[in-house]
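Secondary and tertiary structure notes
Single-letter residue listing:
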Amino acid sequence: MLKFATISLLALATATPALAQTTDDIVVTASGIEQSRDEVGQAITIIDADTIEKRQTVDVVDLLATTPSVRFSRTGSTGSVSGISLRGAETTQTLVLIDGVKVNDPSGIGDGYDFGHLLTGNISRIEVLRGSNSVVHGSQAIGGVVSLTTATPADGFAGNASAEYGYSDTLTAKADVSGTAGRVSGGIGGAYFRTDGISSAAVGTEKDGYKNFAGNARLKIAFSDALSLDLRGYYINADLDYDSFFGAPADSPDIAKLDQYVGYAGLNLGLLDGRFTSRAALTYLRNDRDYYFVRGTAPDYGYSGTNLRFEYQGVVTPVEQAKLIFGYEHERPDYDFFGFGSTDSQRANIDSVYALAIVQPFAGLSVTGGIRHDDHSQFGGATTLGANANYSPNDGATNVRLSYGEGFKAPSLYQLYDAFSGNAALRPERSKSYDAGIDQSLADGRALISLTAFLRNTTDQINYDNATFTYGNIDRTRAKGVEATLALRPVDALNVTASYSYIDARDRSGRLAFDGKRLPRRAEQAVSVSADYDWSFGLSTGATVTLVGDSFDDAANSVRLDGYALAGIRASLPVGGNFEIYGRVDNLFDADYATAAGFGTYGRAAYGGVRARF
């Protein structure tokens, strides 16, 4: 059992971490357009390409777990069902974007995104916005937004490739090429992963293997300085052995297969010397999931979710100190199911309009405010508001942030229309989120301290009602807490980062068995520290330590998940001008832990590989 009695903001500040982000970082998730971080009043973390490469992490979930107020659960081996909670919200209340495309699964019970199949092979940047922001992103942005992007094409021509091998016969290989020629730029990449895995059931002895192929492509054509075409695609094919979760997890021959298709096609137009820009785009998601009780047979049941969206966004800049952003979106999620002697097919239509204003009335102050209205073909309309401010009295050395955001989440098609448990009278989940923070840069930018306090109230939360045997708007929850990050670069060769978060996420439904209880799988406290040092002869070494406090696996708080501490070490060394060898050891001290009761986790594991660049 891991205790946090001695962990505090003071203890965090005694670490000597390195600068991982600068005040001129560009962020997108706050308003839907590129902004300087100094203009944004919301809490945002960026994981850039250098960090992803240095950490050598395979699972996106494991990278996210080192950032503030992220809690995760995974049901066994790599590829198993994994969910991300932001600031104590439900995993289904996290909006996920890949290259700007909403990828939450319309065929899921709660429209959640399964992070289990999302590996880092094709990803070059991750942006995490914490706090409700439905004005910009619409349904599901109650806890926040996770936006992942693949690499933008290089100037000229460039390519990268890598391969690694390690524990449990695990092989990872990836490659990408990109380039720019005149008005045309593009890139294509692929990543392959296979492993014998571990037993997903904690009591099991049979390993559950996994295979994953991910591909991505981009093409941009600038017809003129004012008009361009932007095409993007992303694909995942996965094959997972898993242990049955009907009852207590135990060894079984079950198989799950996934095909995920993500597409974006957009036109960008700039008029009036860039003072009026427009973006019109079609985006597409298809998520096909088939499940087999025994490999080699026809699928026993399966789900297919698609989401076709049209997006228009206009940005007007009448003066340098003001921007008006407005837009219209149409979304058509649909859901198909087969199995157990039945089929089902449902769909909905959602039309949305929104507007935001970003104003800088005087030097150092940026204020944003907006409103959105969504009209759903089943439950009607939902209106959300949001506002935030960022003030710096000293040209960015100190930034004071304030934010208020409202969120909503439309009931999923399954929750609305399932023949056994659906309820067509469901209302959308609603949230109100508040946070205040300060970012302080010190020592000529070599140190950055950030502190944020937050509160979120969620009402009409949907859960299964055991009294009616259908889904109902029966829950209310509250989450409050603090986040802290510290980054230092005392010398150019040393980078250390640290994050700490305290989350008090509790049931406020008034139901006797659950009211006041902590929400499941959401530890109150977590801290992560990473350090990397670049030696003069080229060697790079690093380590990450993550501590997570106790939590509960169930809403009644009767099944405890003990806290845990994980440590990992890594190193890389260039060989010549174009090659690099690297390796790491995960879970260095072979900790025995669980993020979901009854499911296994990896022990100590070592991996090594080689990279090439040209």
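Everything discussed here concerns the structure shown above.
As a convention, each chain's residues are numbered from 1 in the sequence order in which they are written. For a predicted model such as this one, the threshold for reporting local features is a pLDDT of at least 70, and the threshold for listing and counting side-chain atom pairs is 80 or more; totals across whole chains, interfaces and linings nevertheless cover every residue. Side-chain calculation: all heavy atoms of the structure are included, whereas hydrogens and water are not.

Focus on the overall build of the protein
- Starting at the N terminus, helices and strands are each numbered in turn, a helix being any DSSP run of H or I of at least four residues and a strand any DSSP run of E of at least two. Counting secondary structure elements, the protein contains five helices and 34 strands.
- The atom set for the radius of gyration is the C-alpha atoms, and the globule formula is 2.2 Å times the number of residues raised to the power 0.38. Rg of the C-alpha trace for the protein: 23 Å, near the compact-globule value of 25 Å for 614 residues, within the 12% margin.
- Seen through its C-alpha atoms, the protein measures out along the principal axes to roughly 60 × 60 × 50 Å.
- A total of 614 residues make up the protein; the buried ones form 54% of that total.
- Contact definition: two residues touch when any of their heavy atoms are within 4.5 Å. Summarising the internal contacts of the protein: among those between residues at least 6 apart in sequence, 61% fall at separations of at least 24.
- Carbon and sulfur atoms make up 59% of the accessible area of the protein, which totals about 25,100 Å².
- For the purpose of charge, His is not counted, nor are the chain termini; Lys and Arg are scored as positive and Asp and Glu as negative. Here the site of a charge means atom NZ of a Lys, CZ of an Arg, CG of an Asp or CD of a Glu. For the protein, the centre of its 53 positive side-chain charges and the centre of its 71 negative side-chain charges are spaced 3 Å apart. The rule is simple: take the accessible area with a 1.4 Å probe, protein chains only, and divide by the maximum for that residue type; under 20% is buried, over 50% is exposed, in between is partly exposed. All accessible areas in this document rest on Shrake-Rupley with a 1.4 Å probe, and a residue is counted as covered only by the protein chains that are shown.

Regarding the pattern of salt bridges
- Salt bridges are counted wherever a side-chain nitrogen of Lys or Arg sits within 4 Å of a carboxyl oxygen of Asp or Glu. Using the criterion set out here, one finds 41 salt bridges in the structure.
- Across the pair Arg309 and Glu311 runs a salt bridge whose closest N-O atoms are separated by 3.2 Å.
- Of the residues examined, Arg309 reaches a relative accessible area of 6% and is grouped as buried.
- You can call Glu311 buried: its relative accessible area is 7%.
- The shortest N-O distance in the salt bridge between Asp586 and Arg584 comes to 3.5 Å.
- Using a relative accessible area of 30% as the deciding quantity, one classes Asp586 as partly exposed.
- You can call Arg584 buried: its relative accessible area is 6%.
- Three or more residues are tied together by salt bridges with common partners; here these are Lys102, Arg279, Arg309, Glu311, Glu329, Glu331, Arg372 and Asp374.

Things to note about the pairing of strand E33 (residues 579-586)
- Strand pairing is assigned whenever DSSP identifies at least 2 bridges connecting the two strands. With seven bridges connecting them, strand E32 (residues 564-575) and E33 associate as antiparallel partners. Residue pairing in the sheet places Ile569 in a bridge with Val585 of E33.
- In textbook terms, the turn of a hairpin is the stretch between consecutive antiparallel strands, and for E32 and E33 this stretch comprises three residues, one of which, Gly576, has a positive phi near 70°.
- Alignment of E33 against strand E34 (residues 605-613), held across eight bridges, turns out to be antiparallel. Residue Asp586 lies in a different strand from E34, and its bridge partner there is Ala605.

Some thoughts on the nonpolar core
- In this structure, Leu64, Phe115, Leu118, Ile126 and Leu148 are the most contacted members of the largest nonpolar core, which totals 56 residues.
- With sequence-adjacent residues up to four places away left out, Phe115 is seen in contact with Val60, Val61, Leu64, Ser82, Ile84, Val96 and Val146.
- Throughout, nonpolar core names a set of buried Ala, Val, Leu, Ile, Met, Phe, Trp, Tyr and Cys residues whose side chains join them through atoms within 4.5 Å. Judged by nonpolar contacts, the second largest core, of 10 residues, contains Ala30, Ile46, Leu95 and Leu129.

Comments concerning unusual backbone geometry
- With phi around 50°, Asp99 is a residue other than glycine that occupies positive phi space.
- Summarising the element assignment, Asp99 is placed in the loop between strand E6 (94-98) and strand E7 (101-102).
- The class of Asp99 is buried, set by a relative accessible area of 4%.
- One non-glycine residue, Asp111, adopts positive backbone phi at about 60°.

Considering a positive patch on the surface
- Surface patches are drawn from residues lacking salt bridges whose relative accessible area is over 30%; two like charges belong together within 9 Å, two nonpolar side chains (Val, Leu, Ile, Met, Phe, Trp, Tyr) within 5 Å. A cluster of basic side chains, namely Arg476, Arg478, Lys480 and Arg508, defines a positive patch on the protein surface.
- One can find Arg478 in strand E26 (residues 470-488).
- By relative accessible area, Arg478 is classed as partly exposed at 36%.

Things to note about the packing of aromatic side chains
- Aromatic rings from Phe, Tyr and Trp, with only the six-membered ring used for Trp, were paired whenever their centres fell within 6.5 Å, and each pair was classed as stacked if the ring planes differed by under 30 degrees, edge-to-face if by over 60, and tilted otherwise. Applying the stated criterion to the full structure yields 22 aromatic pairs.
- Taking 6.1 Å as the distance between ring centres and 50° as the angle between the ring planes, the aromatic pair formed by Phe293 and Tyr301 counts as tilted.
- On the basis of relative accessible area, Phe293 is assigned to the partly exposed category, the value being 34%.
- With a relative accessible area of 5%, Tyr301 lands in the buried category.

Details of the sheet that holds E6
- Here we have five strands laid out as an open sheet, ordered E3-E8-E9-E6-E7, and mixed in their pairing. Pairing within the sheet leaves two strands with one partner each, and these edge strands are strand E3 (43-47) and E7.
- Here E6 pairs with strand E9 (residues 144-150) via five bridges, running parallel. Residue Leu97 lies in a different strand from E9, and its bridge partner there is Ser147.

Some thoughts on a nonpolar patch on the surface
- A cluster of nonpolar side chains, namely Tyr261, Leu282, Tyr284, Leu308, Phe310, Tyr328 and Val353, defines an oily patch on the protein surface of about 590 Å² accessible area.
- When residues of the nonpolar patch are traced back to their parent elements, those giving at least two are strand E16 (276-292) and strand E17 (301-319).
- Residue position: Tyr261 is located in strand E15 (residues 255-271).
- A residue is classified by how much of its surface remains accessible, and Tyr261, at 35% relative accessible area, is partly exposed.

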